[in-house]
Amino acid sequence: MSRSAPPRSIRLRRSVLSVPAINRRALGKIASLDCDAVIFDLEDSVAPEKKAEARENLRIFFTDPPPADKEEAGKERIIRINSLSSGFGADDLELVLALEPDAVLLPKIDEPQDVTVVSDRLAEADAPESLRIWAMIETPRGILNAAAIAEAGRTPGSRLDCFVVGLNDLRKETGVLPQPGRAYLVPWLMQVVLAVSAYGLDAIDSVLNDFKDMQALDAECAEGRAMGFAGKMLIHPNQIDTANRHFGPDEAALAEAQAIIAAFADPAAAGLNVVNFGGRMVERLHLVQAERLVHKARLISERPLRLPAAAPQDEG
Ligand code: COA
Ligand code: MG
């Protein structure tokens, strides 16, 4: 008997903006931005001698003023830490335990044990269940082991929730050149999407470095959406609207989903697994897809309006 993947989370993760934790000015902008999730980066965007200052920035950001920011707009908050072998990771993880973001993002995950060592540590520290683990898949071994890593997410207490593909590191390790269309990378990207689909996780597509090239972003978001990614990791506020547009349901898709739901709700469809939908076969599996899409659209429409930009803090 075949077992299907567990239901995937229906959190909005269309636009996942990375903000260097060292940049206080950028941190001060977050409340006014319309992204679904924020990655507070302590890893590669922060110089080694600035790691402590970056942690302090996050401590202040998360605790002062707590109520306004916590409610600030329902954005998912993720802290990307340095690897535990780097000499910075242990302090980063202590900060995560103190601040209790929605998730901790682990860089350069090669194998399942890289995740379990952190989930064990979180359990040991009695971290709330709501504190999830995200994994950067950005090394050749991470791609090769993507399925095993995702499968480890099924172990009780694993907390694994989402993969983020990191093509900058992967290109560096493999020598694949940055090219429009990402032809040589597509097999690896699809391997990641397949792995998360098998085990009920989300996958977020990699960043586009050329943050002024809106045409390239448009093409890459369309490509990522067509591949099955839930959203895109971003590096600049200018990229948010495009990602939200591509990874959110458009009006035509929403109207069709509502029509499919209505078609199955019709008493004439009672007991039917397939219906004739204007000359096209539609099955109950399409109904499940349609319901997910309508749910997503509802989450988008229910999101609070963004606050006006906060006055910038000191230059970071
Ligand atoms: N999050 C929030 N705000 C950001 C931002 C980000 N990721 N990137 C830029 N901004 C803000 C800037 O602070 C600036 O604000 P200001 O007008 O009040 O000064 C505004 O957006 C315009 O920025 P711009 O001048 O176009 O770019 P920049 O030179 O300040 O920054 C980068 C360019 C690439 C250095 C910056 O976008 C960045 O650090 N991005 C994230 C990098 C990262 O996280 N890397 C690791 C993951 S791959
Ligand atoms: Mg990386």
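Since the model is a prediction, treat every value here as computed from it, not as a measurement.

Asks: Looking at this structure, how should I read the layout of surface pockets?
Replies: The rolling of a water-molecule-sized probe over the atoms marks out the regions of remaining empty space. Volume-wise, the second largest pocket comes out at about 320 Å³. Contributing to the lining of the second largest pocket are 15 residues, with Gln179, Pro180, Leu208, Asp210 and Glu220 lying nearest its centre. For the lining of the second largest pocket, the secondary-structure elements that each account for two or more residues are helix H8 (167-174) and helix H10 (214-227). No other element matches H10, which puts four residues into the lining of the second largest pocket. Here the residues of the lining of the second largest pocket are counted per class, giving six nonpolar, four polar and five charged.

Asks: I keep staring at the coordination of the magnesium ion (ligand 2) and nothing clicks. Help me out?
Replies: The protein atoms donating to the magnesium ion (ligand 2) are Glu138 (OE) and Asp169 (OD), with metal-donor distances spanning 2.0 to 2.2 Å. Of this pair, Glu138 sits in the loop between strand S5 (132-137) and helix H6 (140-144) while Asp169 sits in helix H8, and the two are 31 residues apart along the sequence. Here Glu138 matches Asp169 in class, with each residue buried.

Asks: Explain the nonpolar core to me, please; I cannot follow it from the model alone.
Replies: Across soluble globular proteins, nonpolar side chains show a tendency to be buried alongside one another. In this structure, Phe40, Leu58, Ile79, Val104, Leu122 and Phe163 are the most contacted members of the largest nonpolar core, which totals 61 residues. With near-sequence residues (within four places) excluded, Phe40 lies in contact with Val19, Leu27, Ile30, Leu58, Phe61, Phe62, Arg77, Ile78, Ile79 and Arg80.

Asks: Whenever I open this one, the pattern of salt bridges confuses me. Can you help?
Replies: Side-chain pairs of opposite charge can arise where the charged atoms are in close proximity. Taken as a whole, this structure holds 30 salt bridges when the rule is applied. Note that Arg280 and Glu256 form a salt bridge whose closest N and O atoms lie 3.0 Å from each other. Placement of Arg280 in the loop between strand S9 (274-276) and strand S10 (281-283) and of Glu256 in helix H12 (residues 251-265) is noted, with a sequence separation of 24 residues between them. Look at Arg280 and you get partly exposed, because its relative accessible area is 39%. Among the charged side chains, a salt-bridge network with shared partners connects Asp41, Glu43, Asp44, Arg80, Lys108 and Asp169.

Definitions and cut-offs
- Residues numbered from 1 in each chain as written.
- Chains lettered and ligands numbered in written order.
- Predicted model: local features only at pLDDT ≥ 70, side-chain atom pairs only at ≥ 80, totals over all residues.
- Heavy atoms only, no water.
- 1 Å grid on protein atoms, 1.4 Å probe; cavity = no way out; pocket = protein on both sides within 12 Å on 5 of 7 lines; lining within 4 Å.
- Points joined across faces, edges and corners; volume = space filled by probe spheres on them.
- Helix = DSSP H or I, 4+ residues; strand = E, 2+ residues; numbered from the N terminus.
- Nonpolar A, V, L, I, M, F, W, Y, C, P; charged D, E, K, R; others polar.
- Donors = N, O, S within 2.8 Å, 3.2 Å for Na, K, Ca; no water.
- Buried < 20%, exposed > 50% of the residue type's maximum accessible area, 1.4 Å probe, protein only.
- Core = buried A, V, L, I, M, F, W, Y, C linked by side-chain atoms within 4.5 Å.
- Contact = heavy atoms within 4.5 Å.
- Salt bridge = Lys/Arg side-chain N within 4 Å of Asp/Glu carboxyl O.

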